[in-house]
Structure formats: C-alpha cells, structure tokens
Amino acid sequence: MNREHPVLETRDLTIRFGGHVAVDHVSCAFNRGTLTAIVGPNGAGKTTYFNLISGQLRATAGKVALNGEDITRMSVPARTEKGIGRAFQLTNLFPSLTVRENVRLVAQAKARKGFDLFSIAENHVELIERAEHVLAEVRLLDKAGLAVSALSHGDQRKLEVALMIALGPQVLMFDEPTAGMSVDEVPVILDLIRGLKADADRTILLVEHKMDVIRSLADRIIVLHNGALVADGQPAEVIASPIVQQAYLGRDPDEIESAVGETANA
Amino acid sequence: MLKTLLSGDYPRSRVLSLVVLAIGISLLLAPFLYPGTKSLDTAAKIAIFVVLVASYDLLLGYTGIVSFAHTMFFGIGAYGTALTLSSMGPSFTAILLGMLAGAIVAAVFALAIGLFSLRVKAIFFAMVTLAIASAFAVLVSQLSGFTGGEDGLTYRIPRELTPGFRPIKEKLFGTAINGRLIAYYLIFFLSAFLFLVMLRIVNSPFGRTLQAVRDNGFRAEAIGYRAVLYRTTATVLSAVMAALSGSLLAIWLRYTGPATTLSMEIMVDILLMVVIGGMGTMYGAVIGATIFILAQTYLQDVMGVAEKATEALPLISVLVAPERWLLWLGVLFILSVYFFPAGIVGRLRGQGG
Ligand SMILES: Nc1ncnc2c1ncn2[C@@H]1O[C@H](COP(=O)(O)OP(=O)(O)O)[C@@H](O)[C@H]1O
Ligand SMILES: [Mg+2]
C-alpha cells in the first residue's frame, strides 16, 4: 500500500442526471484511520456521492482514487475487491436466504471461492465460522438460522452492516446505518463503528443525521449541499463555521442540532 | 457417503424422502418390475427428463433466469448424437463423439447468448432466447438434407444396445437380458450421475452464489461477485446438461426429429414440470418429471376406461374422453400451482403452503 496517498480521494467528482447536477465537483481526501461524517439535508447528494465511490454510478466528470490508483472506471465488484465496503441506506439483502447464509456469502466472496463448483459449500467450515463471528459482533447470532424476511427492520439494518463488515474492507461507507432503528438497537451499531474506528487501518465514511452521534464519533465533518461540498473541517469548527451558519443553516449554532434532527425525521 | 453423494442436500421431509426413494428404486428395477415396451419407454423418458428438468431448474430456480431456449440445447445434444450415428455408423465412438460435439456446440451457443444478452433486463433475455430457439427450429426443418427436416433422422445404434443382442440366453425374473436392457441401464445410470452432479453444483460455493445473484444481483456485485459471469456460467452448464440429456434421448429412441426435441410444446412441458415439482429444489425435477410423464402416458388410458364406464352419462363421458387429457392436465397444473405455490417439494418441506 502506498502511504504517500490518502486512502481515498475524489477530485472534481461530478454526476449529472439530465440537467440536475446531483454531485457537483466534489474534491475531498480521506486519510487512513479517520472517521469522516458527511452531513447535509435529504437530496443533498450524499448517497449519490457514495454510489460514485463504490461504483454503482459512473461519474460524468472527475476522478475517484484508492491508494493513489484511479478507480473511476472500475466495476463494482472490482472496487469491492480493492477494499471498498458499502452498507446501503435502503436495506439491500438476500431475502430468501438465511441470515447466516447472507454473511457466509460475503466470507465466500472474500475467500474467492465463488467459482468452486464441485465442493460442498457446507464443508467450508471456516466460512461459516467467519460468518458467525461477524453475526456475534452485530448481536444477530441467535437469529442466524432465520430467513431474512423474518427479521425486524432493526435486525435487517444490523445485517446490512454485517455484510459490509464481513468483507473486512479498507474503506467502510455507512449510509445512515441507524435510520429507523429503535433507541435500544442504535448502541449496537455505534459500538461497532467505534470498535472499527479503533483499528487504525480503517477509513470510515459515515452519513448520519444525529448530531450527538457525529460529535462522539467523527474526526471531521464535511457538508454537502445541492451536490456541492460547502464545508469541511473539525466537528466543532464546521458546526460553528459561518458558511454552515448562514449560507446553509441560517440559524444560530444551538439550533443546528434540532435542524439536522428534523431532516432525519423528514 | 450418502452426504457426499447427495452433497449434503437431503430431501428434508419424510414423505419426500420416501417418494424420491420409491421413484429411484422403481426406475432402477423398472425392467423387472414393469416388463413391457411401453413401461420401459416411460421409465427411460422419466430418467432423461429428470436431467432435462433439473438442468432447467439450475437456470430458473437457482439463478432466476427465464429462458425459452432450453429445448434448443436439448435438440443440439440429440441431433449431435443422431448425426454422428447416421454418418459414422452405429458405434460407441459415434455416440461419444456425438455427445461431446453436442455438449460443446450447446456450450458455445449458451456462452454467446449469455455474454451478449444477460446484461439486459430479464424479460428481454427471455424474448431473445425465444427468438433464437424459434429461428433454430426453423433452420433445422429447412436444412432437410442435413437434419432430415420435419421427418427427422432415423439411425441404428450399436448392436449391444438393441433387443437382438442377447449376452445371456436365460431370463432373469421373467425378463430377457438383452441389449435394450443394457441401453436402459446406460441411460438410467448416466441420468442418475448427471442429476447428482447438478445436485453437487447447486450445493457448491458456486451454486450458493447463483442463489445470491438470483435474490439480489445488485448486492451480489457489491460484495464482489460479477453477476454476469455467474449467470453466463449457469446458462452454459445448464445448456450442456440439457444437450447431454438430448443425446440420451437420441440413443434411446433411435430417432431424432423436431417433434421429440425442439418443439415449443416440450419447452412448456419442462416449465410445468419444474413448477409442479418445486423450483430451486432439484428434487422437484424428479417429482415433476415423474408425475408429468406418467400423466402424459397413462392419463389417456385411464380416461379411456373412464369414458367406457360413463357411456350412459353423456356430458361426463365427453369430458373424460381421452382427447381431453390435455385439459385435465391443465386443470391439474392450475390446482397444483394454486395449492402448492412452492411446488410439491416446497409443500412437503412445509413451506409456502
Ligand atoms: N439514479 C438517479 N437518477 C436521477 N436522479 C437521481 C438519481 N439518484 C439520485 N438522484 C437525485 O440526486 C439527488 C441527490 O440524491 P441522494 O444522493 O439520494 O441524496 P441524499 O442521500 O443526500 O439524501 C436527488 O435530487 C435525487 O433525486
Ligand atoms: Mg441518502
């Protein structure tokens, strides 16, 4: 790995849908071992920015680089293999399979066993163990045998995160991981993110609306507005910055928390 | 041992285990249990169709791909063997070469279709396969100098597989030991082997990946699987299996024509067998093929008897006339889909009641 480059970098990253510019010349670098919170109202382009990084969408202009390597034209699976992990805002699982099988498939992808045609999948005990280890981390081990469709919304969100974690990626992108979770389920995910953050090799991008969460986890906040990056810096600094105050929120600092909270509930 | 044979994928229902076992034993002992040409023909057809239907289940049930070109691959295998037997004469070399050629041609066709069209929407893929299969059927009937056209090809098979070959003069349990019996067992064991190979494939890491791609191709890509490659490989494997089953049919019938291999009617039959048996289960192919072919073969006989018995009741007698067997098969199909949406296997395993 090249230590001179930031782990992840976007340069003038742009995507247009017809006349609408959803992500507008966003240049930003993310360093190893940092957690960056990405905030902005609904429709600001946060999910679209993620899609450009993990490859679900192709950029109209600009560049995405991972460890200095240009990955702008790479396919989704290729980027995944390079170490980009993604948990989706809208739960995106394998609904007819069991919880264990969902995670086992990730472990199997990571072990590059997908084209093994003639061994019995159940005999690859190490993959099942890996899956169960991750399920224990997200407190889903007791539900390993259930079909995904039988899970509650909160448990599906946990599994969504488990699928990314099982990949063991360098870059972890969480898109509103706690949205719609009940109050007692949120700490499981937050503890998990905190634990991942403790590993200095990981780079975490977190889209989140809850200010208290951001304050306790983030090393840095970037603000997207109408697809453009409008603020970037230390959490306290960004929250207090004039651009966020006036151009973006137009209120005094104490109200920001409730404003961001409102967007989350909208 | 059993685990290795069944790849750890047991029927998982007592009734299903018994039914599958009963079908397996009946087919294994068919020449002795049900002597007679018609019943042996039926048994051979069931064995061959188990492979054909299972190969379609690999595609439809496990990978979620709807294709109407399955009979084309079945036909490619049958014609491959028919052509080598007609041109090279009745030898085992001809059979082997025919099977190999059929499988390779099927694989190349499937690869081309897969790579060119599996990136598009499922419905478009289904349409493409329908168009290609229709064009292929027209082509086969037009090239009559080569394929025998609508009349098809009649050819001889190695003497060791014909009724005239009698290695032992004595009968065994009242059944003559002849080449026909050898041909039957050749087909039975090859079919059983191919079925077990497919059962292994669907339970392999690859087979599990197919289910992931079927369930959510978008997420499968996001965890690192290239969906198109998996879909294409499944299409190729399924085509090769269909071609091999076609070769078996060509050996058994000593005749290959559009009606026995390429017709849309057979395509619909395959679909019905998969759905009735239970998609994505493999065992569904065994049950679906057995029930369907038994009904197809004997429903008309039963109805003939019923028509005689109800001669006094005009309306009922008309309804049960043998010509209406397709109507009753349709009714059977609608009832089974209505009551067992997950197929017979799904029902027996206690899902989707
Ligand atoms: N595939 C798409 N086609 C057209 N417009 C899109 C597409 N994806 C996102 N958008 C638009 O881009 C804007 C940003 O959306 P999104 O990234 O989901 O916002 P956020 O995640 O910040 O709430 C929205 O106006 C949305 O309607
Ligand atoms: Mg979003």
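An unreviewed UniProt entry lists chain B under the name Branched-chain amino acid ABC transporter permease, from Stappia albiluteola. Under the heading Subcellular location (unreviewed entry), UniProt records this for chain B: "Cell membrane".

Looking at an unreviewed UniProt entry, one finds chain A named ABC transporter ATP-binding protein, with Stappia albiluteola as its source organism. Under the Sequence similarities (unreviewed entry) heading, UniProt states for chain A: "Belongs to the ABC transporter superfamily."

## Focus on the packing of helix 5 (residues 153-166) of chain A against helix 6 (residues 186-198) of chain A
All names here are of chain A. For the pair helix 5 and helix 6, interaxial distance at closest approach is 11 Å and the crossing angle is 15°. In this view, helix 5 runs roughly parallel relative to helix 6, as classed from their interaxial angle. The interaxial crossing formed by helix 5 with helix 6 has left-handed handedness. Contacts between helix 5 and helix 6 pair Lys-158, Val-161 and Ile-165 from the former with Val-188, Ile-189, Leu-192 and Leu-196 from the latter. The class makeup of the residues in the contact of helix 5 with helix 6 is 6 nonpolar, no polar and 1 charged.

## What to know about the coordination of the magnesium ion (ligand 2)
All names here are of chain A. Only Thr-47 (OG1) and Gln-89 (OE1) from the protein reach the magnesium ion (ligand 2) as donors, at distances of 2.0 to 2.1 Å. Highlighted residues: Thr-47 in helix 1 (residues 46-54) and Gln-89 in the loop between strand 6 (84-87) and helix 3 (99-110), separated in sequence by 42 residues. Note on Thr-47: relative accessible area 25%, which makes it partly exposed.

## Points about the UniProt feature "transmembrane region" (unreviewed entry) in chain B
Residue and element names in this part refer to chain B. UniProt records the feature "transmembrane region" (unreviewed entry) for residues 15-34, 68-85, 92-116, 122-140, 181-202, 234-255, 267-295 and 325-345 in the present numbering. Helix makes up 90% of residues 15-34 and strand 0%, and the two end C-alpha atoms of the span are 23 Å apart. A distance of 29 Å separates the end C-alpha atoms of residues 234-255, which is 91% helix and 5% strand.

## Focus: the site of ligand 1
All names here are of chain A. Neighbouring residues of ligand 1: Phe-17, His-20, Ala-22, Pro-41, Asn-42, Gly-43, Ala-44, Gly-45, Lys-46, Thr-47 and Thr-48. Within the contact set of ligand 1, an oxygen atom lies 2.7 Å away from a side-chain nitrogen or oxygen of Thr-47. Calculation on ligand 1 without its partners gives an accessible area of 560 Å², and the protein chains cover 61% of this total. Every element with two or more residues in the shell around ligand 1 is listed here: strand 2 (20-30) and helix 1. Among the elements that take part in the shell around ligand 1, helix 1 stands out by supplying 3 residues, more than any other.

## Looking at the interface of chain A and chain B
Counting residues at the interface gives 36 residues for chain A and 31 residues for chain B. Together chain A and chain B conceal approximately 2800 Å² of surface at their shared face, both sides included; 60% is due to carbon and sulfur atoms. Put simply, chain A and chain B have 4 salt bridges between them. Across the pair Glu101(A) and Arg208(B) runs a salt bridge whose closest N-O atoms are separated by 2.7 Å. Across the contact surface, chain A and chain B share 21 residue pairs in polar contact (both at pLDDT 80 or more). Of all elements in the fold, only helix 2 (76-82), helix 3 and helix 5 of chain A reach the threshold of two or more residues within the side of chain A that touches chain B. Looking at the side of chain A that touches chain B, the element that brings in the most residues is helix 3 of chain A, giving 6 residues.

## Notes on the domain arrangement of chain A
Buried accessible area, meaning the area lost when the parts come together, often serves as the stated size of an interface. Residues and elements named next belong to chain A. Split into domains, chain A comes out as domain 1 (1-83 + 169-188 + 201-266) and domain 2 (91-168). Taken together, the contact between domain 1 and domain 2 spans 16 residues of the former and 14 residues of the latter. Here domain 1 meets domain 2 over a buried area of about 1100 Å², counting both sides, of which 66% is carbon and sulfur. Counting the contacts that link domain 1 with domain 2 gives 1 salt bridge. For Glu-81, the salt bridge identified is with Arg-112, shortest N-O distance 3.8 Å. Those elements that provide at least two residues to the side of domain 1 that touches domain 2 are helix 2 and strand 7 (171-175). Residue contributions to the side of domain 1 that touches domain 2 peak at 4 residues, all from strand 7. For the side of domain 1 that touches domain 2, the class distribution of residues is 8 nonpolar, 3 polar and 5 charged.

Thresholds, definitions, all that
- Residues numbered from 1 in each chain as written.
- Chains lettered and ligands numbered in written order.
- Predicted model: local features only at pLDDT ≥ 70, side-chain atom pairs only at ≥ 80, totals over all residues.
- Heavy atoms only, no water.
- UniProt positions renumbered as here; feature names shortened; annotations may be inferred.
- Axes fitted to C-alpha atoms, helices over the stretch in contact; angles between N-to-C directions.
- Helix = DSSP H or I, 4+ residues; strand = E, 2+ residues; numbered from the N terminus.
- Parallel < 35°, antiparallel > 145°, perpendicular 65-115°, else oblique.
- Left-handed = near helix turned anticlockwise from the far one by under 90°.
- Contact = heavy atoms within 4.5 Å.
- Nonpolar A, V, L, I, M, F, W, Y, C, P; charged D, E, K, R; others polar.
- Donors = N, O, S within 2.8 Å, 3.2 Å for Na, K, Ca; no water.
- Buried < 20%, exposed > 50% of the residue type's maximum accessible area, 1.4 Å probe, protein only.
- Near = heavy atom within 4 Å.
- Polar contact = N/O pair within 3.5 Å; in protein donor to acceptor, adjacent residues only side chain to side chain.
- Areas by Shrake-Rupley, 256 points an atom, 1.4 Å probe, with all protein chains shown as cover.
- Buried area = accessible area lost by both parts, 1.4 Å probe.
- Salt bridge = Lys/Arg side-chain N within 4 Å of Asp/Glu carboxyl O.
- Domains from an automatic or database assignment.

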